[in-house]
Amino acid sequence: MTAPTAARRSPRAALLASGVGSTVRALADAVVAGRCDVHFVGLVTDRPEAPVVALADELGIEVVALPLKKGGDRAAWDRAVADALDRLDCDVFVLAGFMRILGPAVVERFGGRMLNVHPSLLPAFPGKDAPAQALAAGVTLSGCTVHRVDSGVDSGPILGQVAVPIVEGDDAARLHARIQAAERVLYPRVVHAFAHGQLGAESAALTLDSGVPALLATVSMRT
Ligand code: GAR
């Protein structure tokens with residue numbers, strides 16, 4: 001008789017989010033579909049009133065609300081975020097529309113395991129309103145980037161990107177919506193690969209699901 005083997009547990013993952021929750025929804029859908037093997041154990045938010053909080057409740061994900069009041073103690077807030085992340089005890093921390101810059105108390109401790117998705121082909125157009133920045137610059141190609149978080153603004157090591165063409169008649173909202181469609185494919189793939197220690201061993205080219213325009217048919221991930 002062979003000895004029973006322990007069931008392999010999914011890597012533990014925490015979310016940080018401030019907004020609508022479409023990124024969280026896409027990640028949760030990918031988990032259910034078997035495309036992203038992680039267990040989301042908690043969501044930290046700076047905006048308890050944000051729609052993403054109701055979504056986390058619906059998904060049965062614990063919410064830790066840490067609002068930062070105007071004029072509040074920024075260093076104390078960073079320490080509270082770091083303590084919350086510490087308590088969630090995760091393998092990977094996933095920024096999903098988290099709209100605050102995290103301070104050194106968080107980044108120095110968790111940055112190596114913290115991922116962000118940004119709606120541009122970094123290092124172009126970091127910071128706010130990236131789709132509008134791309135349109136204003138007159139580029140013909142934008143896209144999305146998943147990167148590790150460091151102490152800069154959208155400046156950490158790049159883990160994966162998808163290019164999205166800018167088309168006639170685009171405005172910032174339309175371009176952002178098409179970029180988000182690409183994010184929904186790329187982010188779960190990178191979260192899964194990162195959480196399973198596969199980045200560095202995967203093939204560079206991944207084929208996207210059908211329904212994505214042909215020009216988007218290649219995702220590049222760092223190998
Ligand atoms: C993300 O999809 C991403 O494009 C952008 O915010 C969206 C959040 O939407 N992220 C950034 O600009 C990060 N610098 P959501 O609140 O519906 O998930």
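J.: Is there a simple way to explain the pairing of strand S4 (residues 92–95) in this structure?
T.: Neither face of S4 is open: one carries Val92 and Val94, the other Phe93 and Leu95, and all of them are buried. As paired elements, strand S1 (residues 12–16) and S4 share four bridges and run parallel to each other. Following the sheet pairing, Ala13 is matched in S4 by Val92. In terms of handedness, the path from S4 via helix H4 (residues 104–110) over to strand S5 (residues 114–118) forms a crossover that is right-handed.

J.: What is the right way to look at the confidence of the model for the protein in this model?
T.: Regions with low pLDDT carry predicted coordinates that are not meant to be interpreted in detail. On average, residues of the protein score 89 in pLDDT, and 86% of them are at 70 or above. A low-confidence stretch, residues 201–218 (pLDDT under 50), is modelled with 27 contacts involving residues beyond four sequence positions or located in other chains.

J.: Can you help me understand the side chain of Glu183 in this one?
T.: Along the chain, Glu183 falls in helix H6 (residues 172–195). If near-sequence neighbours (up to four positions away) are discounted, Glu183 is found in contact with Thr23, Val117, His118, Pro119, Cys144, His176 and Pro188.

J.: What's the story with helix H3 (residues 74–88) in this structure? I'm lost.
T.: Think of an α-helix as turning once every 3.6 residues; residues three or four places apart then point the same way. If you check H3, its first and last C-alpha atoms are 21 Å apart, about what 15 residues at 1.5 Å a residue would give, namely 21 Å. Every buried residue belonging to H3 is among Trp77, Asp78, Val81, Ala82, Ala84, Leu85 and Leu88, and all of these are buried. Buried residues of H3 fall within an arc of 160° about the axis and therefore sit on the same side. Among the structural elements, S1, strand S2 (39–45), strand S3 (62–65), S4, H4 and S5 are those in contact with the buried residues of H3. With a side-chain oxygen lying 3.1 Å from the backbone nitrogen of Ala75, the N-terminal cap of H3 falls on Asp73. Looking one or two places after H3, you find Asp89, whose phi comes out positive at around 50°.

The rules behind these values
- Residues numbered from 1 in each chain as written.
- Predicted model: local features only at pLDDT ≥ 70, side-chain atom pairs only at ≥ 80, totals over all residues.
- Heavy atoms only, no water.
- Buried < 20%, exposed > 50% of the residue type's maximum accessible area, 1.4 Å probe, protein only.
- Helix = DSSP H or I, 4+ residues; strand = E, 2+ residues; numbered from the N terminus.
- Pairing = 2+ DSSP bridges.
- Right-handed = clockwise from strand over helix to strand, strands pointing away.
- pLDDT = per-residue confidence, 0-100.
- Contact = heavy atoms within 4.5 Å.
- Expected span 1.5 Å × (residues − 1).
- Arc of directions from axis to C-beta.
- Polar contact = N/O pair within 3.5 Å; in protein donor to acceptor, adjacent residues only side chain to side chain.

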